[in-house]
Amino acid sequence: MPWREVLIDEATHTITGDVRIIEAFPIPQLQTERRVWIYLPGSYNKGDRSYPVLYMQDGQNVFNQATSWGTEWGVDETLEQMALEDPALEAIVVAIDNGGNERNNEYNFTINADYGFGGKGEGYWPTRR
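On a predicted model such as this, the values are computed, not experimentally measured, just so you know.

What counts and how
- Residues numbered from 1 in each chain as written.
- Predicted model: local features only at pLDDT ≥ 70, side-chain atom pairs only at ≥ 80, totals over all residues.
- Heavy atoms only, no water.
- Helix = DSSP H or I, 4+ residues; strand = E, 2+ residues; numbered from the N terminus.
- Buried < 20%, exposed > 50% of the residue type's maximum accessible area, 1.4 Å probe, protein only.
- Contact = heavy atoms within 4.5 Å.
- Areas by Shrake-Rupley, 256 points an atom, 1.4 Å probe, with all protein chains shown as cover.
- Lys, Arg positive; Asp, Glu negative; His and termini not counted.
- Charge placed at Lys NZ, Arg CZ, Asp CG, Glu CD.
- Arc of directions from axis to C-beta.
- Pairing = 2+ DSSP bridges.
- Axes fitted to C-alpha atoms, helices over the stretch in contact; angles between N-to-C directions.
- Phe/Tyr/Trp six-rings, centres within 6.5 Å; stacked < 30°, edge-to-face > 60°.

**Some points on the overall build of the chain**
The number of helices and strands found in the chain is four helices and six strands. N-terminal to C-terminal, the α/β element order of the chain is α-β-β-β-α-β-α-β-β-α. A buried classification covers 39% of the 129 residues belonging to the chain. Relative to all contacts within the chain whose residues are 6 or more apart in sequence, the contacts with residues 24 or more apart total 48%. Summed over its atoms, the accessible surface of the chain is roughly 8,000 Å², and 53% of this surface lies on carbon and sulfur atoms. Counting 10 positive and 20 negative side-chain charges, the chain places the centres of these two groups 6 Å from one another.

Structure follows, in C-alpha cells:
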C-alpha cells in the first residue's frame with residue numbers, strides 16, 4: 001500500500017519516491033509481525049526490466065525521519081539521485097523494521113553474557129545454516 005495511505009498521522013514525513021508499506025508482515029518463526037517498507041524505482045511500472053533487490057534491517061530508519069531512531073538514512077533520496085545520474089543503478093529496496101526492545105535479541109544468534117541479549121537470531125535469519 002502507498003505510504004501515504006498507511007502513515008496518516010500529523011508527523012512530517014521525509015519519504016521520497018514510490019515507497020510502499022506492508023503494515024503487519026508475519027514472521028512466524030518469532031511469533032510476531034513487522035512493518036516492511038518497499039522502495040520501487042521510478043521506472044518500475046514502465047516495462048519488463050528486472051532490478052536488483054537490496055534488503056535492509058532497521059527499516060524505520062531507512063526512508064523516513066518521522067519514524068527513525070535518530071537520523072533517517074536517506075536511502076530513498078540517494079537512490080532517486082543515482083537514478084537521475086545513471087538509470088542502470090535503479091534498485092528495489094526492502095526494509096524490515098526492527099523489533100524495538102527485541103532488536104538485539106533477534107539480530108544475534110548467541111546470547112551475549114556480558115550484555116544479556118541475543119539468542120533469537122536463528123528465528124530471525126532462518127535461512128542461515
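**Remarks on helix α2 (residues 75-85)**
What sets the pattern is the α-helix's 3.6 residues per turn: residues three or four places apart point alike. Taken residue by residue, α2 has Val75, Asp76, Leu79 and Ala83 as its buried positions. Taken down its axis, α2 places every buried residue within 95° of arc, on the same side. Opposite its buried face, α2 presents the exposed residues Leu84 and Glu85, each directed more than 90 degrees away. Of the surrounding secondary structure, the elements contacted by the buried residues of α2 are β2 (32-40), β3 (53-56) and β4 (92-96).

**Focus on the pairing of strand β1 (residues 18-27)**
Summarising the sheet, β1 and β2 pair through eight bridges and their orientation is antiparallel. Bridge pairing links Phe25 to Arg34 in β2.

**Quick look at the sheet that holds β1**
Sheet architecture is open: four strands sit in the order β1-β2-β4-β3, paired in mixed fashion. Looking at the sheet topology across the chains shown, the edges are occupied by β1 and β3. Pairwise comparison of adjacent strand axes, ignoring direction, gives a mean angle of 20° for this sheet. Note that β3 and β4 share four bridges and pair parallel. Across the sheet, Val53 pairs through a bridge with Ile92, a residue of β4. The strands touched by α2 within the sheet are β2, β3 and β4, with β2 carrying the most contacts at an inclination of about 25°.

**Thoughts on the environment of Val62**
Along the chain, Val62 falls in the loop between β3 and α2. Taking the C-alpha atoms as reference, Val62 lies 7.7 Å from Asp76; in sequence the two are 14 residues apart. Excluding anything up to four places from it in sequence, Val62 contacts Met56, Gln57, Glu72, Trp73, Gly74, Val75, Asp76 and Ala95.

**A closer look at the packing of aromatic side chains**
We describe a pair of aromatic rings using the distance from one ring centre to the other and the angle between the two ring planes. In total, this model carries three aromatic pairs according to the counting rule given. Look at Tyr39 and Phe63: their rings are 6.3 Å apart centre to centre, the planes differ by 25°, and that puts the pair in the stacked class. On the criterion of sequence distance, the pair formed by Tyr39 in strand β2 and Phe63 in the loop between β3 and α2 is long-range, its members being 24 residues apart. Overall, Tyr39 belongs to the buried group, its relative accessible area being 2%. Relative to Tyr51, the ring of Tyr44 lies with its centre 5.9 Å away and its plane at 40°, an arrangement referred to as tilted. Residue Tyr51 is classed as buried on the basis of its relative accessible area of 12%. An aromatic cluster is built from Trp37, Tyr39 and Phe63, whose rings are joined through pairwise contacts.

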